[in-house]
Amino acid sequence: MNLVDILKELDIEYNGKDFRVSSFGTLKDANSSQVAFLNDIKLLDELKTTKAGAVILKEKHVELLPSTCKAIISTNPYLDMARMSGYFAKKPFVNDGEKYISDKATVDKSAVIGDGTIIEEGAYVMAGAVIGVNVTIGKNTRIYPNVVVYDDTIIGENCFIQAGAIIGSDGYGYAHSDSGEHVKIYHTGNVVLEDDVEIGANTTVDRAVFGTTRIGKNTKIDNLVQIGHNCELGISCIMVAQSGLAGSTTMGRNVVIGGQSAAGGHLHIGDFAQFAARSGITKSVEGGKTYGGFPLMLQKDWLRTQLRMIKYFGTKKK
Amino acid sequence: MNLVDILKELDIEYNGKDFRVSSFGTLKDANSSQVAFLNDIKLLDELKTTKAGAVILKEKHVELLPSTCKAIISTNPYLDMARMSGYFAKKPFVNDGEKYISDKATVDKSAVIGDGTIIEEGAYVMAGAVIGVNVTIGKNTRIYPNVVVYDDTIIGENCFIQAGAIIGSDGYGYAHSDSGEHVKIYHTGNVVLEDDVEIGANTTVDRAVFGTTRIGKNTKIDNLVQIGHNCELGISCIMVAQSGLAGSTTMGRNVVIGGQSAAGGHLHIGDFAQFAARSGITKSVEGGKTYGGFPLMLQKDWLRTQLRMIKYFGTKKK
Amino acid sequence: MNLVDILKELDIEYNGKDFRVSSFGTLKDANSSQVAFLNDIKLLDELKTTKAGAVILKEKHVELLPSTCKAIISTNPYLDMARMSGYFAKKPFVNDGEKYISDKATVDKSAVIGDGTIIEEGAYVMAGAVIGVNVTIGKNTRIYPNVVVYDDTIIGENCFIQAGAIIGSDGYGYAHSDSGEHVKIYHTGNVVLEDDVEIGANTTVDRAVFGTTRIGKNTKIDNLVQIGHNCELGISCIMVAQSGLAGSTTMGRNVVIGGQSAAGGHLHIGDFAQFAARSGITKSVEGGKTYGGFPLMLQKDWLRTQLRMIKYFGTKKK
C-alpha cells in the first residue's frame, strides 16, 4: 500500500514524497521501502543514519533526518506507529495454497496446514492441530492435537509440543491515546523454537513485535506457562507450570524457574540461576545462585526473613 | 418439561398445580412459565411481588408468596435449584441446522458453526474454531484457530480472540449436599464482549449463572487469564497474563490489573484503579489509585512494608 | 524391540542374554519381559526379589540381583532409564482403526476418536474434540469442543470436561546428564477420572510416569488448573481457578484448594482440609483445618501475622 493513502486514511498530515511501503522496520535495520519510528531519544544516533524510507517522529527531531528519508510528523509517534501497524499485517492462517510436507512425515487428515509451510521427515502433526503460513516443523518433531502454531514460526528437530499449546500468538502490546483508548500494535515478528524443545499443554508463547521470541535448544517448558513477546531463553532452561515471563526478558543457559514464578519485562537472568517456586523476579540477576521471594532476594534470605517474621508476629501472645 | 414430572424425578414433594416450565428466573424478573428460588432473606420483598410460576423456598416463607405463584417447599432451596437446573439446560453446540454467515465473512472450512449463529461481514473465523448456538460474531472480528465460543455469546465488532481462548464456559458454581457432595448448577447466562475487545491465547471467560458476564469496549485481556461468571469489566481495561477474577466482581473503566494478580468475588473496583503484578485484591477499592500486595494495600505502602520488613529480619546478624 | 538392539543404539555396554522388551516396570511389579531400574537405595529389598527381565543399576548393586534377572550396568541408572523410555512409547493418537461408539452416544463429525476407544451410551463428544487410543468415555459424560484426551485415559460417568481441557498430557519429567542436558522420560502411565468429575476450561491433567493420575468421584476442578503426574485426589474435592499441584501429591476427600494456590510435590493433604486463595502448600498437612500463606501455616495465623507485620512496618512515620 502507498504511504500517502495510509496516512490519508489515518488523517495524518504528510507533504513528503509517496512510495509503496512494505512493512515497519527499526531505525537501525529498515530499508527504503520500510517505515521506522522514533519513540526513544536514546536512539537519536540511529535516526541520523537510518536508511528507512520514512520515519514517524516529533517535529523537533526532523532536522536530524538524513536527506534520503521522509518525515512523518506526529505528536505521538508510538501511537501513530500502532495505528499504521495494521496496514502491514498479512491475513493470517491462509491455507488454500501449496505446502511442503515430507513423504516421511505424518499429518492427521483433520490437521490444517498453512500455505508455504514445510513439514520435515519424521514429523508428526496430530489431529486438530492448526499450523499457519510459512511455518517450518523440523525432523521428528511431534505436534500434539489441537496445538496452534501461528504464521512464520520455526520449530526445530525432535521437539514435543503438547496438546493445546499456542505458539506465536500476538504479543500484548498497545499504544494509548490521550483519551485512554488502547490501540493494538500488530505483531509482525515470529517465534523460533530450537531443537529438542518441549512445550507443555496449554502453554502460550507470544510472537515478537518485531524480530524473534526465541527458546533455546533442549529447553523444557511445563504446562500453562506464559512467555511474552521478544523473550529469549538460552539452552537447557526449565520453566515449571504456571510460571510466566513478561516481554523482552532474556536468560542464559540452564536457568530453572519454579512453578508459579514470574519475571517482569526487559530483565536479564544469568546462566545457571535458579528460582524457587513463586519467585517474583523484579530485577536482573547474575547466574549461578538460587533466588526466591517477592521482591526477589536470595532464596536463603527469603527463608530466613519469613521464618523470623512469622516467629516475631505469628505467636498468639503478642 | 412439566413441573410435576421434574419434581417427581427429583423426589421433591409437591401438591401444587402443574405447568410447563421454560427455565429458571430471578424472583424479580421471572414470568409465569419460570421457576425462581429464595436463597437470601434480603430478597423477601421481591418474593412478595414475584410473577414467577413457582418458587422453591423454605416452608416458613410460603405465606409471603403471591396467590398466583406456587410453592415448592424445600429444606435447602439452593440445593434443589441446582438439582433442577439441568432440566432447563439445552443440548449445547448443536450444529446441523441453519446459520447466518455474511457473504463478506470468511469461515475456514474446518470451523464448526452452531445453529442460529450470525457471522457478520468482514469477520474471519479461522481453522478449528468451534462456535456454539445463537452466537453473534460482529463485523471484522477475528476468531483465531481452535477458539471455542459457547452458545448464546455475543461478540462485537473489531474484536481479536486469540487461539485457544474459551468464551462462555460453564461457571464454577455448585450447591452442596449435607453429605458434602457438590451438585452442579447449570449456567444458563451468557457472555457479551463489546466492540474492540481483545482476548489472549488460552484465556477463559465463564458464562453467567443467570444474566451476563460482560467485557466492556476496548478492554484488552492477555493470555491465560481467568474471568469468572457474572463479572463485568468497563471500557478500556487491561488484564495482564495469568491474572484472574472470581465470580461477580465488577470494575469501572481503564482499570489495569497486573500479571498474576487476582480478585476475590463480589468486589467492585473503581475507574482508573491500577494493580501491581501479583496483587491479591481482597476488598472493593476506589478508583484512581495504585494498589499492590496481599492482603491489598496501596502499592507504595506495600513497597515500604516489604523493604522495612526485609531490612529488619533479613540481615544475617540478627 | 530386543534389549541388545536398544542398548547398542544407546551405546550402553551389555553382555547379558537378549530378550524382547515390552516396557518398563517397577522393581516390585515388573515381569520377565519388562526392564526395571534401581534409582533409590530404599528399594534394595525390592531389588532382591524382582521378577523383572533386567534391571538398570550401578555396578555395586549387581550382586543383589536374583539369578533370573539380567544386569544393565550404568553409572546413572535414572538417566539411562530416560534414554531407554522412548523405545517403549507407542505412537500416540492413532485413529484409523476400529472404535466402539454406542448407538446412543453422540459424536460430532469433526471430533476424532482413537483406535480401540469406547464411548458409552448418552456420552456427547462435541466438535473438534480429539480422543486418543484405548480411551473410555463413560455414560452421559460430556466432552466439550476442542478437548484433548490422551491415550489410555479412563473417564467415568456423568463427567463434564469443559472446552480446551487437556487430559493425559505427558508429565514434566526429565533425567539430567552431567553436561546439564535434560533427557525426556516418556510417560507411559495414564489418567483416571472417576464418575461425576468436572474439569474446567483449559485445565491440564498430566498422565502418570508409571501408574495412574487419579481424580476421585464428584471432584470439581475449575479453569486453568494444573495437575501434575501421579497426583491422586479423593472424592468431592474442589480446586479453584489457576491453582496447581506438583507431581505425586495426594489428598483425601472434600479438600478445598483456593484460587492460585499451589502444592509442592510428594505431599499428602488430609480429608476436609481447606486452603485459602494463594496458599503455598509447602508441607503435608492433616485434614479438617483451614490453611493459608506461603510458607504454609494455619490461615488464622497467616492473617494475624500479616496484619501485625503491616501495622508494625507499614505506617509512614516509622
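Residues numbered from 1 in each chain as written. Chains lettered and ligands numbered in written order. Predicted model: local features only at pLDDT ≥ 70, side-chain atom pairs only at ≥ 80, totals over all residues. Heavy atoms only, no water.

This part covers the interface of chain B and chain C. With 51 residues of chain B at the interface, the matching set in chain C holds 47 residues. Taken together, the two surfaces of chain B and chain C that pack against each other cover about 3,700 Å², and 55% of this comes from carbon and sulfur. Among the residues chain B hides against chain C, the three largest losses belong to Tyr172, His182 and Arg308 of chain B. Together they make up 19% of the total. On the surface where chain B and chain C come into contact, there are one salt bridge. One salt bridge in this structure joins Lys184 of chain B and Glu198 of chain C, with 2.8 Å as the shortest N-O distance. Between the two partners, chain B and chain C, sit 30 residue pairs in polar contact (both at pLDDT 80 or more). Elements supplying a minimum of two residues to the side of chain B that touches chain C: strand 16 (166–169), strand 18 (182–184), strand 21 (204–206) and helix 4 (299–314) of chain B. (Contact = heavy atoms within 4.5 Å. Buried area = accessible area lost by both parts, 1.4 Å probe. Salt bridge = Lys/Arg side-chain N within 4 Å of Asp/Glu carboxyl O. Polar contact = N/O pair within 3.5 Å; in protein donor to acceptor, adjacent residues only side chain to side chain. Helix = DSSP H or I, 4+ residues; strand = E, 2+ residues; numbered from the N terminus.)

Let's shift gears to the environment of Asn140 of chain B. Residue and element names in this part refer to chain B. Along the chain, Asn140 turns up in the loop between strand 11 (136–137) and strand 12 (142–143). Its relative accessible area of 43% is what places Asn140 among the partly exposed residues. The sequence separation of Asn140 and Lys58 amounts to 82 residues, and the corresponding C-alpha distance is 51 Å. Non-local contacts of Asn140, meaning those with residues more than four positions away in its chain, are made with Glu121, Gly122, Ala123, Asn158 and Cys159. (Buried < 20%, exposed > 50% of the residue type's maximum accessible area, 1.4 Å probe, protein only.)

So, on to helix 4 (residues 299–314) of chain A. Taking 1.5 Å of rise per residue, 16 residues should cover 22 Å, and helix 4 of chain A covers 21 Å from first to last C-alpha, within 8% of that figure. If you check which residues of helix 4 of chain A are buried, you get Gln299, Asp301, Trp302, Thr305, Gln306, Arg308, Met309, Phe313 and Gly314 of chain A. (Expected span 1.5 Å × (residues − 1).)

Applying the stated criterion across every chain yields a total of 48 aromatic pairs over all chains. One aromatic cluster is present, built from ring pairs that chain together Tyr312 and Phe313 of chain A, Tyr312 and Phe313 of chain B together with Tyr312 and Phe313 of chain C. Sitting over the face of the ring of Tyr186 of chain A, Lys184 of chain A holds its NZ or CZ atom 5.7 Å from the ring centroid. Sitting over the ring of Phe294 of chain B, Arg278 of chain C keeps its end group 5.3 Å from the ring centre. (Phe/Tyr/Trp six-rings, centres within 6.5 Å; stacked < 30°, edge-to-face > 60°. Lys NZ or Arg CZ within 6 Å of the ring centre and 35° of its normal.)

Another point: the interface of chain B and chain A. How big an interface is tends to be reported as the loss of accessible area on association of its parts. With 47 residues of chain B at the contact, the number on the chain A side is 51 residues. When chain B packs against chain A, close to 3,700 Å² is buried across both sides, 55% of that on carbon and sulfur atoms. Counting the contacts that link chain B with chain A gives 31 residue pairs in polar contact (both at pLDDT 80 or more). Of all the secondary structure elements, the ones that give two or more residues to the side of chain B that touches chain A are strand 23 (220–221), strand 26 (238–239) and helix 4 of chain B. The biggest single contributor to the side of chain B that touches chain A is helix 4 of chain B, with seven residues. A class-by-class count of the residues in the side of chain B that touches chain A yields 21 nonpolar, 15 polar and 11 charged. (Nonpolar A, V, L, I, M, F, W, Y, C, P; charged D, E, K, R; others polar.)

Let's shift gears to the packing of helix 4 of chain B against helix 4 (residues 299–314) of chain C. For the pair helix 4 of chain B and helix 4 of chain C, the least separation of the axes is 9 Å and the interaxial angle reads 90 degrees. Regarding the angle of helix 4 of chain B to helix 4 of chain C, the classification is roughly perpendicular. On the side of helix 4 of chain B, the interface is formed by Asp301, Arg304, Thr305, Gln306, Arg308, Met309, Tyr312 and Phe313 of chain B, while helix 4 of chain C contributes Met309, Ile310, Tyr312, Phe313 and Gly314 of chain C. Its residues placed into classes, the contact of helix 4 of chain B with helix 4 of chain C shows seven nonpolar, three polar and three charged. (Axes fitted to C-alpha atoms, helices over the stretch in contact; angles between N-to-C directions. Parallel < 35°, antiparallel > 145°, perpendicular 65-115°, else oblique.)

Another point: the relation of the copies chain B and chain A. Of the transformation placing chain B onto chain A, the axial shift is 0.0 Å and the rotation is 120 degrees, giving an RMSD of 0.1 Å. One copy is carried onto the other by what is essentially a three-fold rotation axis. (Least-squares fit on C-alpha atoms with pLDDT ≥ 70 in both.)

All names here are of chain C. The strand order across the open sheet built from four strands is 1-2-3-4, with neighbouring strands paired in parallel fashion. Of all the strands in the sheet, just strand 1 (23–24) and strand 4 (70–73) have a single pairing partner and so form its edges. Of the strand pairs in this sheet, strand 2 (residues 34–37) and strand 3 (residues 54–57) are connected by three bridges, and their pairing is parallel. The residue bridging Ala36 from the neighbouring strand is Val55, located in strand 3. Helix 3 (residues 77–85) rests against strand 1, strand 2 and strand 3 of the sheet, and its axis sits at about 130 degrees to strand 3. (Pairing = 2+ DSSP bridges.)

A few words on empty space enclosed by the protein. Per the counting criterion, the structure on display carries six cavities of 30 Å³ or more. Estimated volume of the largest cavity: approximately 760 Å³. Arg278 and Phe294 of chain A, Arg278 of chain B together with Arg278 and Phe294 of chain C are the residues nearest the centre of the largest cavity, which is lined by 34 residues in total. When residues of the lining of the largest cavity are traced back to their parent elements, those giving at least two are helix 4 of chain A, helix 4 of chain B together with helix 4 of chain C. By volume, the second largest cavity is sized at about 80 Å³. Lining the second largest cavity are 14 residues, with Asn146 and Gly164 of chain B together with Asn146, Gly164 and Asn202 of chain C positioned closest to its centre. (1 Å grid on protein atoms, 1.4 Å probe; cavity = no way out; pocket = protein on both sides within 12 Å on 5 of 7 lines; lining within 4 Å. Points joined across faces, edges and corners; volume = space filled by probe spheres on them.)

Next up on the list: the sheet that holds strand 9 (residues 124–125) of chain A. All names here are of chain A. Strand order in the open sheet formed by 11 strands is 6-9-12-15-20-23-26-29-32-34-35, with mixed pairing between adjacent strands. For this open sheet the edge positions go to strand 6 (106–107) and strand 35 (297–298), each flanked by a neighbour on one side alone. Sheet analysis places strand 29 (residues 256–257) next to strand 32 (residues 274–275), joined by two bridges and oriented parallel. Bridging across to strand 32, Ile257 finds its partner in Phe275.

Pairing is possible between side chains of opposite charge, provided their charged atoms come close. Taken as a whole, this structure holds 29 salt bridges over all chains when the rule is applied. The salt bridge partner of Asp45 of chain A is Lys48 of chain A, with a shortest N-O separation of 3.5 Å. Placement of both Asp45 of chain A and Lys48 of chain A in helix 2 (residues 44–48) is noted, with a separation of three residues, approximately one turn of the helix. Residues Arg304 of chain B and Asp301 of chain B are paired through a salt bridge, measuring 2.5 Å at the closest nitrogen-oxygen approach. On the criterion of helical spacing, the pair formed by Arg304 of chain B and Asp301 of chain B is a turn pair, its members being three residues apart in helix 4. When salt bridges with common partners are traced through the structure, they connect Lys90, Asp152 and Arg207 of chain A into a single cluster.

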